[in-house]
Amino acid sequence: MIPVPGFEGRRVAVFGLGRSGLTAARALKAGGALPVLWDDSVSSRMQAEAEGFAVEDLTVADWSGFAALVLSPGAPLTHPKPHWTVGKAGDAGVEVIGDIELFARSIAALPEGERPRVVAITGTNGKSTTTALIGWVLKQAGMTVHVGGNIGIGVLALPAPTPGAVYVIEVSSYQLDLTTSFAPDVAILTNISPDHLDRHGGMEGYVAAKARIFAHADLSLVGVDEDWGQRMAAELEAGGRAGTRILTSAHPGESRDPVLSSETQASGDRGRSDPAQTDHSKDWVPAFAGMSGEIEAAPGRLTIGGRMAADLTRARSLPGRHNAQNAAFAWAAARALGVSHDAAVEGLMTFPGLAHRMEEVARLGRVRFINDSKATNADAARQALSSYERSFWIAGGRAKAGGIDDLEDLFPRVVEAFLIGEAAGPFAARLGDTPHRISGDMASAVKAAAGTAAATGREEVVLLSPAAASFDQYPDFEARGEAFRAAVLDLGAVPASAA
């Protein structure tokens, strides 16, 4: 646990007693604060009381006595309308913060020489894989690394800071909205596309929340595939901030082969003859104060300064364009923290991948089964579909705005689609002449897809990448992914771990 100082002897209101709320209360108490807890759920309040916390009805509490409100990221700060606790805090002049801000203040309170370093990652898609990949690379390089935040362990439940340690933290837009002083050493935005717009009042609000990750960062790594990322990078450069642009585009020599290039520009060095921009030796370590360089990565390779640096075809857990981008982020972050080129590349090669994210779960004859249940929107599904020339695609669930409209250019790669859940009908209509059938449930879709794929006699891929939320049939995307895994194994497929 990370004790939170700064509120010694003062009452701090904590609303929302899920994972982050209870953890924040424990961390505040460990730091000497007097947390006062409340939740709409009776069972959550009973759990808090069982742990010895003060539980008070915040609807009738005297808010003038609170030093701060720690708000659950699940409660709206501004939209669709502010949570009632936010209104009461505002009326009393009480600041509203979250667990990431408490973490930031805990780190800032340490003597400068004792502070750990922090890598923070956000983005609409890819942030969990990038977070896990960076953590893996740093650990393989022998560093003391703690990974958490919006992935896995809540940030304040991670081990207490020690000199030389690195925290690799995934942060959501909800969490960033509740920060004021978060100052990571390396801040990463993987990409940005419409999501959670109801909670941010539209796209501008969503982008503004994501941009908060760069407010006090030493080094910014910005994905600029979208206009929003380009604008963000331009604003950072205009402000004289050190940053790296990471771009995926078409490779000049390969018509449909995506390539990733990272163009770095520190303010004021345009046109400067800088050895770091032309000579990328394996011992080059960029400085936070002006990281300069160029990375190019297409699926299967990573090049630096035009020279092959790594053959990524050995990295079985990093297929496709989006994983080339993830690899570039991880390489740049690791190098910025002092990891050698060779150690960073070796970490990329040995990354085991994450469950439900382009995870190869099993093989049956010549058919591979890929679990990408985490793809809960079309943009995420695009990354998976574009990674395979052919696939037998299992899609559907509870559709998000736009459905699969943006995936039409990838329909030619779909040999046949097998549709499940509420979105089966609308997805079928959108697929048009692309072969498809409505399977309804996961088991039926897996059985049909496996049989159809096997009948070709070729090396084939059955891909679960739903492009929709899971809540019509499952409690979360993890449960959906496990249902896919179970259905595949029921067919007698050999688990990837045993292959």
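Everything below is about the structure shown above.
Each chain has its residues counted from 1, running along the sequence as written. The predicted nature of this model means local features are confined to residues of pLDDT at least 70 and side-chain atom pairs, given and counted, to a pLDDT of 80 or more, with totals for whole chains, interfaces and linings taken over all residues. Based on all heavy atoms of the structure, the side-chain values leave hydrogens and waters out of the count.

Novice: Could you clarify how one ought to interpret the pattern of salt bridges in this entry?
Specialist: Pairing between side chains of opposite charge can happen when their charged atoms approach one another. Put simply, a salt bridge is a Lys or Arg side-chain nitrogen that is within 4 Å of an Asp or Glu carboxyl oxygen. Inspection of every chain in the model, using the stated rule, returns 16 salt bridges. Where R485 meets E359, a salt bridge forms, and the shortest distance between an N and an O atom there is 3.0 Å. Note that R485 is positioned in helix α16 (residues 477-490) and E359 in strand β16 (residues 359-364), a separation of 126 residues in sequence. The same class applies to R485 and to E359, which are both buried. Among the salt bridges present, the one from E422 reaches R398, with a minimum N-O distance of 2.9 Å. For the purposes of this entry, the term helix denotes a DSSP run of H or I that reaches at least four residues, the term strand denotes a run of E that reaches at least two, and both are numbered from the N terminus. Only protein chains enter the accessibility calculation, which uses a 1.4 Å probe. A residue is then buried if its area is under 20% of the maximum for its type, exposed if over 50%, and partly exposed in between.

Novice: Help me understand the nonpolar core, please; the structure alone is not making it clear to me.
Specialist: Within soluble globular proteins, side chains that are nonpolar generally end up buried alongside one another. Residues belong to a common nonpolar core when they are buried Ala, Val, Leu, Ile, Met, Phe, Trp, Tyr or Cys residues joined through side-chain atoms within 4.5 Å. With 48 residues, the main nonpolar core has F7, L28, L102, F103, L156, I169 and F182 as its most contacted residues. Setting aside residues up to four positions removed in sequence, F103 forms contacts with I2, V118, V155, L156, Y167, I169 and F182. Residues L138, A310, F329 and A334 belong to the second largest nonpolar core, which totals 34 residues. Two residues form a contact once any of their heavy atoms are found within 4.5 Å.

Novice: What should I look at first to understand the sheet that holds strand β3 (residues 54-55) in this one?
Specialist: In a beta sheet, neighbouring strands are held together by backbone hydrogen bonds and run either parallel or antiparallel to one another. The strand order β3-β2-β1-β4-β5 describes an open sheet built from five strands, whose pairing is parallel. Two strands in the sheet have a free side with no partner beyond their single neighbour: β3 and β5 (95-97). Bridge analysis of strand β1 (residues 11-15) against strand β2 (residues 34-38) gives five bridges, and the strand direction is parallel. Considered in β2, the bridge of F15 is made with W38. For every element, the axis is a line fit to its C-alpha atoms; helices are fit only across the contacting stretch, and the angle between N-to-C directions ranges from 0 to 180 degrees. Contacts from helix α1 (residues 19-30) reach β1, β2 and β4 (66-71), with the element oriented near 160° to β2. Paired strands are those between which DSSP finds at least two bridges.

Novice: I would appreciate a short explanation of the sheet that holds strand β22 (residues 494-495) in the present structure.
Specialist: Sheet architecture is open: seven strands sit in the order β20-β19-β18-β21-β17-β16-β22, paired in mixed fashion. Every other strand in the sheet has two partners, leaving β20 (436-440) and β22 as the edge strands with one partner each. Where strand β17 (residues 367-371) meets strand β21 (residues 460-464), five bridges bridge the pair, whose relative direction is parallel. The partner of I370 across the bridge, within β21, is L463.

Novice: Looking at this structure, I do not really get helix α14 (residues 424-431). What am I missing?
Specialist: Residues of α14 that are buried include every one of A424, F427, A428 and L431, and no others. Taken down its axis, α14 places every buried residue within 105° of arc, on the same side. Opposite the buried face of α14, at more than 90 degrees from it, the exposed residues are P426 and A429. The arc refers to the directions leading from the helix axis to the C-beta atoms.

Novice: Sorry if this is basic, but what is going on with the packing of helix α5 (residues 127-140) against helix α12 (residues 341-350) here?
Specialist: Two packed helices can be described by the angle between their axes and the distance between those axes. Where α5 contacts α12, the two axes come as close as 8 Å, and the packing angle between them is 125°. As summarised for this structure, α5 and α12 are arranged oblique, according to the angle between their axes. In terms of crossing hand, the pair formed by α5 and α12 is right-handed. Residues L133, W136, V137 and Q140 of α5 form the contact with α12, whose participating residues are A344, G347, L348 and T350. In this count, Pro and Cys sit with the nonpolar residues alongside Ala, Val, Leu, Ile, Met, Phe, Trp and Tyr, while Asp, Glu, Lys and Arg are called charged and the others, Gly among them, polar. Looking at the contact of α5 with α12 residue by residue, the class counts come to five nonpolar, three polar and no charged. In what follows, roughly perpendicular refers to angles from 65 to 115 degrees, roughly parallel to angles under 35, roughly antiparallel to angles over 145, and oblique to any angle outside these ranges. Whether a crossing is left-handed or right-handed is set by the direction in which the near helix is turned from the far one by less than a right angle, anticlockwise for left-handed and clockwise for right-handed.

Novice: Help me out: how do you make sense of the side chain of S20 in this one?
Specialist: Residue position: S20 is located in helix α1. Not counting residues within four places of it along the chain, the set of residues in contact with S20 comprises P73 and D99.

Novice: Would you take a moment to explain the environment of R398 for this structure?
Specialist: Counting through the fold element by element, R398 comes out in the loop between β18 (391-396) and β19 (414-420). Sequence spacing of R398 and A423 is 25 residues, and the spatial spacing of their C-alpha atoms is 5.7 Å. Residues within four places of R398 in sequence aside, it is in contact with E422, A468, A469, F471 and D472. Throughout this description, a polar contact denotes any pair of N or O atoms lying within 3.5 Å of each other; where both atoms belong to protein, one of them has to be capable of donating a hydrogen while the other can accept it, and for residues adjacent in sequence the pair is counted only when both atoms sit in side chains. Side chain to side chain, R398 and E422 meet in a polar contact 2.9 Å long.

Novice: How do you make sense of the packing of aromatic side chains when you look at a structure like this?
Specialist: Geometry of an aromatic ring pair is reported as the spacing of the ring centres plus the angle between the planes. In this scheme Phe, Tyr and Trp rings, the latter by its six-membered ring, pair at centre separations within 6.5 Å, and the angle between planes marks the pair as stacked below 30 degrees, edge-to-face above 60, and tilted otherwise. One pass over the structure, following the stated rule, counts three aromatic pairs. Consider the rings of F15 and W84, whose centres lie 5.7 Å apart with planes at 75°: the pair is edge-to-face. Linking F15 in strand β1 with W84 in helix α3 (residues 84-92), this pair joins segments that are 69 residues apart in sequence. Plain terms: the ring middles of W63 and F66 are 5.1 Å apart, the flat faces sit at 75° to each other, and that makes the pair edge-to-face. Comparing W63 with F66, the two get one shared label, buried. Above the ring of W38, the side-chain terminus of R45 is found at 4.1 Å from the ring centroid. Note on geometry: a ring has a charge over it if NZ (lysine) or CZ (arginine) is within 6 Å of the ring centre and within 35 degrees of the ring normal. A cation over a ring is seen here: R231 above W228, with NZ or CZ 4.6 Å from the ring centre.

Novice: Would you take a moment to explain the environment of P319 for this structure?
Specialist: Structurally, P319 can be placed in the loop between β15 (307-311) and α11 (320-336). The partly exposed category is assigned to P319, whose relative accessible area is 22%. Expressed as a C-alpha distance, the spacing of P319 and S386, which sit 67 residues apart in the sequence, is 10.0 Å. When near neighbours in sequence (up to four residues on either side) are disregarded, P319 contacts M358, S387 and Y388.

Novice: I keep staring at the pairing of β4 and nothing clicks. Help me out?
Specialist: Within a regular strand, side chains alternate between the sheet's two faces. β4 sits mainly inside the fold: six of its six residues count as buried. Orient the strands so they point away from the viewer, and a crossover whose first-strand-to-second-strand path over the helix runs clockwise is right-handed. You can see the chain leave β4, run along α3 and come back into β5, and the turn it takes is right-handed.

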